[in-house]
Amino acid sequence: MGHLVFSAVLGFRALGFFQGLELTSYDLMLWTRSISVPADKRITMVWATDEDQRTWGWPLSDEHLASLIATIQTYQPRVIALNIYRDLPVPRVTGHGYEYLLTQFKSHNNIFGVKKYKSETGVHVDPPPLLDEKGQVGFNDLPADSRGIFRRGLLFVSDDTGGVHAFYGLLMALQYLAQDGISPEAHPENERYMVLGESVLKPLDPDFGGYVNGDMGGFQVMLNYPSAPRGFNEVSMTRVLTGRFNPDDFKDKIVIIGVNAEATPDFLYTPFGYWENVDQRVPAAAVHAYSISQLLRMAEGKSQPMDTWNEAQEVAWIWMWTLLGALVCLWARSVLRFTLSLIGGLMVLVALAYIGFNHNYWILIAAPTFGWILSIAIMISYLSSQEKNQRAELMHLFSKHVSKDVAEVIWKEREEYLTEGRLRSQRLIATLLFTDLQNFTTVSERMEPQELMDWLNQYMETMVNVVEKQYSGQVNKFIGDAIMAIFGVPIPRTELEQVHQDAVNAVECALAMRTEIEKLRDIWQTEGMPLIRMRIGICTGPVVAGSLGGVERQEYTVLGDTVNTASRLESFDKNIDADNSCRILISQTTLDCLGDRFETECVGSVSLKGKEVKVTIYSVIGYKQQPQIASN
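Computed from a predicted model, the values in this text were never measured in an experiment.

> When you look at the layout of surface pockets in this model, what are you seeing that I'm missing?
Sizing a probe to match a water molecule and rolling it over the atoms shows the empty space that remains. As a volume, the largest pocket reaches approximately 810 Å³. Elements with a minimum of two residues in the lining of the largest pocket: β5 (152-158) and α9 (284-299). The dominant element in the lining of the largest pocket, judged by the number of residues it contributes, is β5, at three residues. Residues belonging to the lining of the largest pocket are distributed by class as follows: 16 nonpolar, eight polar and seven charged.

Put into structure tokens, the structure is as follows:
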């Protein structure tokens, strides 16, 4: 069953049914980890807000932009990132600001501009020409997932001519790290990997983690948004241009000039936005700042790139949980255990995934969770159906032999009774009661068939009610006019008191049957029916109980010398107590269990048919005291 569920889960996974759930779980774990990371003090954001744009105009003129850059450069930042498209001059009505801006670009090698790489529709934005000539330009494009969420960063991309373009955030990180003696290197074993300080960066494959056939073109990595949703050191463009800022905001820092304004929106949706009661949008420049901080931390060994298992390992992980779900169901066998197993398994799965995530391993959650729950649900349904069939089978086997209450007890302990559709044999101590009608054959020959059957059923129904409803015995079989009843099966008696009580119940049952036959004789006499006498034989001792017969047709019965002795007592010397409507003979073993509550008379030590050893038998006359209510 678990393997069938496993195959179904793999099919659903291949169709991408779990990708959304896997990404959502990734987002939640990313958020819980990101908020524990302190904000990166090496990055300062210079924002062009709505107020700044109203004050200085927008697009910002070349003169004002040059003045902004010059002011920041005064305080010796390591890198200045111009996260504003600047493919064309933006002159003021008067003045020559563009030449001033070009002077800034020419004079400094730590200024980086951005461009928009050509999209599938051909849309692109060129970089500042002079910075492009100096190789100080990178693209700021990021790959988006469904719902426009940005979880991945793009470090390199190749164009149609074979040229390689770099992400401007990577260029700034490398510029910053160069002063610390850190530069990118080729991996000695795989040319596709890049070694950056203490970390090895590997490009994502289309099925990385929870992705299914994802668009992983270029060199992509998972973004981890260190310190998100907290921001960075920030200052408005107006405060810089008017000299109202702290010089430490720029000294030896990465300074990113970007837009954070509703009038010219440039916002992105991030994974952690859904778990915070804040604006779900983040300025694009801030997202790039997080990616730069991530690259710095990885180079310093404070963080590692996100990794995941290969396809074979992920399939094995899903298989383990689906199969485990089926196995747990075989163990549980109760609603409480099912519930605890279901919840406990999910908690373990989530805990393992979270621990793995904190060690930079993306472990699947949705697919194994679905496999775990579906496997348990189907197994519960299967076991319930199987249990229903077993119950019907067991109840069928016992329905004619035990009371409903006893059958329920047997069902609860069915493992002890049922195997391969057959009741297990067991040795127990029981009391057997046999009854027979004297001269029944002669009487039956004088009656019409239907009249005979009605008369006999009236007798049988009366006696069965006495045995089963009043004294907890089990009518095992009818043999013509004879009845075989058992006290003490199928539930084994483990205490001597229980064995004695079964014997007492059997004798009390016999006395009650004597009373009932006397009532029936009165009725039959009134109706002109034949009067008949009943004989009862009772013996207590060991028996073997179990199913007898073939697979298709079985009978639950008991075997042993005790059964034979009870039968012989019933048929022994029909002249004994001939004047009584019901003769009751018991064995010595039964008498030993009765105590002093019955009046009995020793018949003698006799030889019963088929037995070599003589048996001492007794005739039950009645009670010495008032009868007690029978119990199990």
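> Please clarify how the pattern of salt bridges should be interpreted in this entry.
It is possible for side chains of opposite charge to pair when their charged atoms get near one another. Within the structure shown, the criterion is met by 20 salt bridges. The salt bridge partner of E570 is R535, with a shortest N-O separation of 3.0 Å. Here E570, found in helix α17 (residues 561-571), pairs with R535, found in strand β22 (residues 533-549); they are 35 residues apart in sequence, far enough to count as distant. R535 gets classed as buried once you look at its relative accessible area, which sits at 2%.

> Whenever I open this one, the packing of helix α15 (residues 449-471) against helix α16 (residues 496-527) confuses me. Can you help?
The geometry of a pair of packed helices is captured by two quantities: the angle between their axes and the separation between those axes. Packing of α15 against α16 leaves a shortest axis separation of 10 Å and a crossing angle of 150°. With respect to α16, the axis of α15 lies roughly antiparallel. Crossing of α15 over α16 shows right-handed handedness. Where α15 abuts α16, its residues W455, Q458, Y459, T462, M463, V466, V467 and Y471 lie against N505, E508, C509, A512, M513, E516, I517, L520, I523 and W524. Residues that form the contact of α15 with α16 fall into these classes: 13 nonpolar, three polar and two charged.

> How do you make sense of the packing of aromatic side chains when you look at a structure like this?
Taken as a whole and judged by the stated rule, the model has 21 aromatic pairs. Ring plane angle 75° and centroid distance 5.8 Å describe the contact between W317 and W321, whose orientation is recorded as edge-to-face. Within this pair, W317 and its partner W321 are both found in helix α10 (residues 311-332), separated by four residues, close to a single helical turn. The pair W317 / W321 is uniform in exposure class, with both members buried. Ring geometry for F440 and W455: centres 6.2 Å apart, planes at 5°, overall stacked. Note that F440 is positioned in helix α14 (residues 440-445) and W455 in helix α15, a separation of 15 residues in sequence. As far as burial versus exposure is concerned, F440 and W455 are alike and both buried. A network of ring pairs unites the aromatic residues Y26, F208, Y211, F357 and W362 as a single cluster. The side chain of R78 reaches across the aromatic face of Y176, ending 4.0 Å from its centre. One Lys or Arg, R281, reaches over the ring of F267 and ends 4.2 Å from the middle of that ring.

> I would appreciate a short explanation of empty space enclosed by the protein in the present structure.
On inspection of all chains with the given rule, the structure shows four cavities of 30 Å³ or more. Taken as a whole, the largest cavity spans an internal volume of roughly 60 Å³. Counting only elements with at least two residues in the lining of the largest cavity, the list comes to β5 and α9. For the lining of the largest cavity, a count of residues per class yields seven nonpolar, three polar and no charged.

> Explain the sheet that holds strand β9 (residues 199-201) to me, please; I cannot follow it from the model alone.
For sheets, the rule is that strands pair by backbone hydrogen bonds, running either parallel or antiparallel. The antiparallel open sheet is built from three strands, whose spatial order is β7-β8-β9. Of all the strands in the sheet, the pair left with one neighbour each is β7 (184-186) and β9. Pairwise comparison of adjacent strand axes, ignoring direction, gives a mean angle of 35° for this sheet. Strand direction decides the pairing type here: β7 and strand β8 (residues 194-196), joined by three bridges, are antiparallel. Across the sheet, residue E185 finds its bridge partner in β8, namely V195. Packing of α9 onto the sheet brings it into contact with β8 and β9, and relative to β9 it is tilted by some 130°.

> I would appreciate a short explanation of the nonpolar core in the present structure.
One broad trend across soluble globular proteins is that nonpolar side chains are buried collectively. Counting residues in each nonpolar core, the largest one holds 85 residues, and the members touching the most others are L155, M172, L201, Y225, I254 and I256. In contact with L201, other than residues within four places in its own chain, are L155, Y193, M194, L196, F219, V221, L295, M298 and P305. Ranked by size, the runner-up nonpolar core spans 45 residues in total, among them M460, A510, I532 and L594.

> I'm lost on a nonpolar patch on the surface in this one. Help?
On the surface, F12, L15, F17 and F370 cluster together into a nonpolar patch covering about 400 Å² of accessible area. Among the secondary structure elements, F370 is positioned in helix α12 (residues 366-398). Take F370: its relative accessible area is 32%, and that puts it in the partly exposed class.

> Explain helix α11 (residues 335-358) here, please?
In an α-helix there are 3.6 residues to a turn, and that puts residues three or four apart on one side. Relative to the 34 Å expected for 24 residues at 1.5 Å per residue, α11 spans 35 Å between its end C-alpha atoms, a close match to the ideal helical length. Those residues of α11 not exposed but buried are F338, S341, G345, L349, A353, G356 and F357.

> Quick question: what am I supposed to make of the sheet that holds strand β6 (residues 164-166) here?
Strand order in the open sheet made by the three strands is β6-β5-β10, with antiparallel pairing throughout. Both edges of this open sheet fall to β6 and β10 (219-222), since each of them pairs with a single strand only. Pairs of neighbouring strands in the sheet enclose a mean axial angle of 20°, with direction left out of account. Here four bridges tie β5 to β10, and the two strands are oriented antiparallel to one another. By the bridge assignment, L154 is partnered in β10 with Q220.

> Explanation requested: the pairing of strand β1 (residues 43-48) in the structure shown.
Where a strand is regular, its side chains alternate between the two sheet faces. Of all six residues that make up β1, six are buried, and the element is covered over most of its length. The alternating pattern of β1 places I43, M45 and W47 and T44, V46 and A48 on opposite faces, both of which are buried. By the bridge criterion, six bridges tie β1 to strand β12 (residues 254-259) in an arrangement that is parallel. Note on β12: the bridge partner recorded for I43 is I254. In the sheet, β1 pairs with strand β11 (residues 233-236) via four bridges, with the strands oriented parallel. Bridge assignment links M45 to a residue of β11, and that residue is E234.

Each value, and the rule that gives it
Residues numbered from 1 in each chain as written. Predicted model: local features only at pLDDT ≥ 70, side-chain atom pairs only at ≥ 80, totals over all residues. Heavy atoms only, no water. 1 Å grid on protein atoms, 1.4 Å probe; cavity = no way out; pocket = protein on both sides within 12 Å on 5 of 7 lines; lining within 4 Å. Points joined across faces, edges and corners; volume = space filled by probe spheres on them. Helix = DSSP H or I, 4+ residues; strand = E, 2+ residues; numbered from the N terminus. Nonpolar A, V, L, I, M, F, W, Y, C, P; charged D, E, K, R; others polar. Salt bridge = Lys/Arg side-chain N within 4 Å of Asp/Glu carboxyl O. Buried < 20%, exposed > 50% of the residue type's maximum accessible area, 1.4 Å probe, protein only. Axes fitted to C-alpha atoms, helices over the stretch in contact; angles between N-to-C directions. Parallel < 35°, antiparallel > 145°, perpendicular 65-115°, else oblique. Left-handed = near helix turned anticlockwise from the far one by under 90°. Contact = heavy atoms within 4.5 Å. Phe/Tyr/Trp six-rings, centres within 6.5 Å; stacked < 30°, edge-to-face > 60°. Lys NZ or Arg CZ within 6 Å of the ring centre and 35° of its normal. Pairing = 2+ DSSP bridges. Core = buried A, V, L, I, M, F, W, Y, C linked by side-chain atoms within 4.5 Å. Patch = residues over 30% accessible without salt bridge, like charges linked within 9 Å, V, L, I, M, F, W, Y side chains within 5 Å. Areas by Shrake-Rupley, 256 points an atom, 1.4 Å probe, with all protein chains shown as cover. Expected span 1.5 Å × (residues − 1).

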